Amino acid sequence: MTITYKDAQGIEGMRVAGKLASEVLDFLTPHVVAGVTTNQLDKLAYDYITQVQGAIPAPLNYNPSGTNPYPKSICTSINHQVCHGIPNDKPLKKADIVNIDITVIKDGWHGDTSRMFLVGESSIAAKRLCKLTYEAMWHGIVKVKPGVRLGDIGFAIQRFAESHGFSVVREFCGHGIGQVFHEEPQVLHYGKPGTGEELKTGMTFTIEPMINAGRKDIKELGDGWTIVTRDHSLSAQWEHTVLVTETGFEVLTLSEGSPALPDFVTTTSC
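Residues numbered from 1 in each chain as written. Predicted model: local features only at pLDDT ≥ 70, side-chain atom pairs only at ≥ 80, totals over all residues. Heavy atoms only, no water.

1. So, the nonpolar core
Working step 1: Judged by nonpolar contacts, the single largest core of 34 residues is most densely connected at Ile141, Val144, Ile153, Leu199, Phe205 and Ile207.
Working step 2: Of all the secondary structure elements, the ones that give two or more residues to this core are helix H3 (124-141), helix H4 (150-163), strand E9 (204-207), strand E14 (240-244) and strand E15 (249-251).
Working step 3: The element that contributes the greatest number of residues to this core is H3, accounting for nine residues.
Working step 4: What isoleucine 207 contacts, discounting residues up to four positions off in sequence, is Met137, Gly140, Ile141, Val144, Ile153, Ile157, Val187, His189, Trp238, Glu239, His240 and Val242.
Working step 5: Counting 21 residues, the second largest nonpolar core, distinct from the first, contains Ile49, Leu92, Ile100 and Phe117. (Core = buried A, V, L, I, M, F, W, Y, C linked by side-chain atoms within 4.5 Å. Buried < 20%, exposed > 50% of the residue type's maximum accessible area, 1.4 Å probe, protein only. Helix = DSSP H or I, 4+ residues; strand = E, 2+ residues; numbered from the N terminus. Contact = heavy atoms within 4.5 Å.)

2. Some thoughts on the sheet that holds strand E10 (residues 210-212)
Working step 1: What the three strands build is an open sheet, ordered E6-E10-E13; its pairing is antiparallel. With one partner strand each, in any of the chains shown, strand E6 (167-168) and strand E13 (235-237) form the two edges of the open sheet.
Working step 2: Pairing geometry for E10 and E13, over three bridges, is antiparallel. Bridge pairing in E13 links asparagine 212 to serine 235.
Working step 3: Each of E10 and E13 touches H3; the most contacted strand, E13, lies at about 35° to it. (Pairing = 2+ DSSP bridges. Axes fitted to C-alpha atoms, helices over the stretch in contact; angles between N-to-C directions.)

3. Observations regarding the packing of helix H1 (residues 8-28) against helix H2 (residues 38-52)
Working step 1: Relative to each other, H1 and H2 sit at 135°, their axes nearing to 10 Å. By the criterion of interaxial angle, the relationship of H1 to H2 is oblique. Viewed along their axes, H1 and H2 form a crossing whose handedness is right-handed. Residue-level inspection shows Glu23, Val24, Phe27 and Leu28 of H1 in contact with H2, the latter providing Leu41, Leu44, Ala45, Tyr48 and Ile49.
Working step 2: Residue composition of the contact of H1 with H2, by class: eight nonpolar, no polar and one charged. (Parallel < 35°, antiparallel > 145°, perpendicular 65-115°, else oblique. Left-handed = near helix turned anticlockwise from the far one by under 90°. Nonpolar A, V, L, I, M, F, W, Y, C, P; charged D, E, K, R; others polar.)

Dropping the structure here:
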């Protein structure tokens, strides 16, 4: 699969899909409380995406392996779950942390984003992990501009995360996105400056670091989807879809309810 470069029409389609994906998270935010099940959140998201937005939840029946389609409309990864957690009937508890990952398809274009949620009063360590993972993502985003290499993005994220005593998951990465859910390039969240694909105007891809409080090692559960930390340490992830502009970047997955920018970030497009 080759990298696709979006023209003006494609960029506008990506803007629409990205905003819709972020608005699903805005809609879900007041419902992420102790006692709610992730299945209930999944149903709320499915109804909102299909009935209010007139869009399609991309994860539902997504089947890249050809043998094990994903059964839900969103991913909900709790505590030591790294990614691709499948919604179920177990209620969220106070002090849980949960990543909700949303991808919608609107008029053929994909918008992909995720946020961390704190359920009730989480521990100081959990709050710190979520906050610094958010900042790690933005350290990668602000590197984006034509001529930069993908390794520059990965290095910025890795250096920041590891400087705070965290580890970066290696097996999962960001990805190109457009009319296809996952396309080239792969966007690693670790790396060496000056290496990897050169960024060019019109590229769209996700930056979505998975950061563990403990070791970087992970394993897959028997459902064939859910990824967890081997040492049961907490894991956090944030995700935005980003466009490479002529002079820098534009974050496509923003909405009114998006979290405030870190102090070192002054713009969401340049």
